[in-house]
Amino acid sequence: MPVGPSLRQLHAHKQIHDTGLGLAVNMTDELIRTYQNGTEEEVIQEVIALVDFWESRVISHADAEEEADGFYTEAENNNPELHDKVQQLTRDHDIMRQVVAKIKAQMENEGFSTQIIDYFRSLIIVNEIHSRDEEAFLLKD
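Overview of the structure.

Cut-offs used in this document
- Residues numbered from 1 in each chain as written.
- Predicted model: local features only at pLDDT ≥ 70, side-chain atom pairs only at ≥ 80, totals over all residues.
- Heavy atoms only, no water.
- 1 Å grid on protein atoms, 1.4 Å probe; cavity = no way out; pocket = protein on both sides within 12 Å on 5 of 7 lines; lining within 4 Å.
- Points joined across faces, edges and corners; volume = space filled by probe spheres on them.
- Helix = DSSP H or I, 4+ residues; strand = E, 2+ residues; numbered from the N terminus.
- Nonpolar A, V, L, I, M, F, W, Y, C, P; charged D, E, K, R; others polar.
- Phe/Tyr/Trp six-rings, centres within 6.5 Å; stacked < 30°, edge-to-face > 60°.
- Buried < 20%, exposed > 50% of the residue type's maximum accessible area, 1.4 Å probe, protein only.
- Lys NZ or Arg CZ within 6 Å of the ring centre and 35° of its normal.
- Expected span 1.5 Å × (residues − 1).
- Bend = angle between axes of the 7 residues up to and from the residue.
- Core = buried A, V, L, I, M, F, W, Y, C linked by side-chain atoms within 4.5 Å.
- Contact = heavy atoms within 4.5 Å.

**Focus: the layout of surface pockets**
Next, step 1: For the largest pocket, the calculated volume is near 160 Å³.
Next, step 2: In terms of lining, the largest pocket is formed by 14 residues, of which the most central are Ile16, His17, Arg57, Val58 and His61.
Next, step 3: If you list the elements that add at least two residues to the lining of the largest pocket, you get α2 (10–37), α3 (40–66), α5 (83–109) and α6 (114–138).
Next, step 4: Here the lining of the largest pocket gets five residues from one element, more than from any other, and that element is α3.
Next, step 5: Split by residue class, the lining of the largest pocket holds five nonpolar, seven polar and two charged.

The following block contains the structure:
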């Protein structure tokens, strides 16, 4: 499947990144407020919503970029010098997948702790750095 224009154009791809990042920050802030003022069940529901967000919005976006005929392959085919950068960006995706898996495992095995908030904040940081790198190295307007 050919890469769609929203993944190839800087302004459109940056909008996808910025919207996702903004939602992640807002949802994480809401989790913190719920932890401070809500019930345990409400906190669990916030964590579930955040995990779903990361899986359905961010990781699915990463999966699309990594498809065999996707954005990363196209970028590297057009400029083989980008190989190492594409590998680094793919590693960022792997780190995000691992952190989400860690959150899910902890929730299943131990339940909520404030460490879950740290994991979500870590995802935001990795995602922000990753997005800016991707925009700088792979996208042109």
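**Topic: the packing of aromatic side chains**
Next, step 1: Taken as a whole and assessed by the stated rule, the structure comprises three aromatic pairs.
Next, step 2: Here tyrosine 35 and phenylalanine 112 contribute two aromatic rings whose centre-to-centre distance is 5.5 Å and whose plane-to-plane angle is 45°, an arrangement assigned as tilted. One end of the pair, tyrosine 35, is in helix α2; the other, phenylalanine 112, is in the loop between α5 and α6, with 77 residues separating them in the sequence.
Next, step 3: Among the residues examined, phenylalanine 112 registers a relative accessible area of 23% and is labelled partly exposed.
Next, step 4: Ring centres of phenylalanine 53 and tryptophan 54 lie 5.7 Å apart, and the angle between their planes is 80°; this geometry places the pair in the edge-to-face category. Note on accessibility: phenylalanine 53 and tryptophan 54 belong to one class, buried.
Next, step 5: The residue whose ring lies beneath lysine 85 is phenylalanine 137, and the NZ or CZ to ring-centre distance is 4.2 Å.

**Topic: α3**
Next, step 1: Here α3 spans 37 Å end to end across 27 residues, near enough to the 39 Å set by a 1.5 Å rise per residue.
Next, step 2: Isoleucine 59 marks where α3 bends most, by close to 35°.
Next, step 3: For α3, every residue scored as buried is listed here: Val43, Val47, Leu50, Val51, Phe53, Trp54, Val58, Ile59, His61, Ala62 and Glu65.

**Comments concerning the nonpolar core**
Next, step 1: By size, the foremost hydrophobic cluster in this structure holds 23 residues, and its most contacted members are Leu31, Val47, Trp54, Ile103, Ile116, Phe120 and Leu123.
Next, step 2: Per-element tally for this core: the top contributor is α3, with eight residues.
Next, step 3: Counting eight residues, the second-largest nonpolar core is a separate cluster that includes Phe71, Leu82, Leu138 and Leu139.

**Focus: the side chain of asparagine 127**
Next, step 1: Note on placement: asparagine 127 falls in helix α6.
Next, step 2: Excluding anything up to four places from it in sequence, asparagine 127 contacts Leu21, Trp54, Val58 and Met96.

**Section: the side chain of threonine 90**
Next, step 1: Summarising the element assignment, threonine 90 is placed in helix α5.
Next, step 2: Filtering out sequence-adjacent residues up to four positions away, threonine 90 remains in contact with Glu66 and Tyr72.

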